[in-house]
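Given next are the chains, with one letter for each unit.
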Amino acid sequence: MSSYSQSIAEKMRLASNEELARRYARRQQRARAVQDRQGRTVTVVNVHRCKRSNGLLDE
């Protein structure tokens, strides 16, 4: 009986992980999707970010 409940727990854990993976993928897709000036949705593939600066310590 314990193997039965163990298999159910395993299936539930896998389903939970798949749902979390789907949510993460949707979140990443939303983060990459931006709108251009005409209102069309554009997917950003590679973003180059400059180093952060506080403006005080830069020489």
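Residues numbered from 1 in each chain as written. Predicted model: local features only at pLDDT ≥ 70, side-chain atom pairs only at ≥ 80, totals over all residues. Heavy atoms only, no water.

## Points about the overall build of the protein chain
- A count of helical and extended segments in the protein chain gives 1 helix and 2 strands.
- Seen in sequence order, the protein chain has helices and strands lined up from the N terminus as α-β-β.
- Burial statistics for the protein chain: of 59 residues in total, 0% are counted as buried.
- Looking at the protein chain as shown, the accessible area adds up to about 6,200 Å², and 53% of this sits on carbon and sulfur atoms. (Helix = DSSP H or I, 4+ residues; strand = E, 2+ residues; numbered from the N terminus. Buried < 20%, exposed > 50% of the residue type's maximum accessible area, 1.4 Å probe, protein only. Areas by Shrake-Rupley, 256 points an atom, 1.4 Å probe, with all protein chains shown as cover.)

## Concerning the pattern of salt bridges
- Under the criterion given, the structure shown has 4 salt bridges.
- Salt-bridge contacts for Glu19 lead to Arg23; the nearest nitrogen and oxygen are separated by 3.3 Å. Taken together, the positions of Glu19 and Arg23, both in helix H1 (residues 2-32) and 4 residues apart, correspond to about one turn of that helix.
- In this structure Glu19 comes out as partly exposed when scored by relative accessible area, which is 27%.
- Among the salt bridges present, the one from Glu19 reaches Arg26, with a minimum N-O distance of 4.0 Å.
- On the accessibility criterion, Arg26 (44% relative accessible area) is partly exposed.
- Taken together, the salt bridges that share partners define one network made up of Glu19, Arg22, Arg23 and Arg26. (Salt bridge = Lys/Arg side-chain N within 4 Å of Asp/Glu carboxyl O.)

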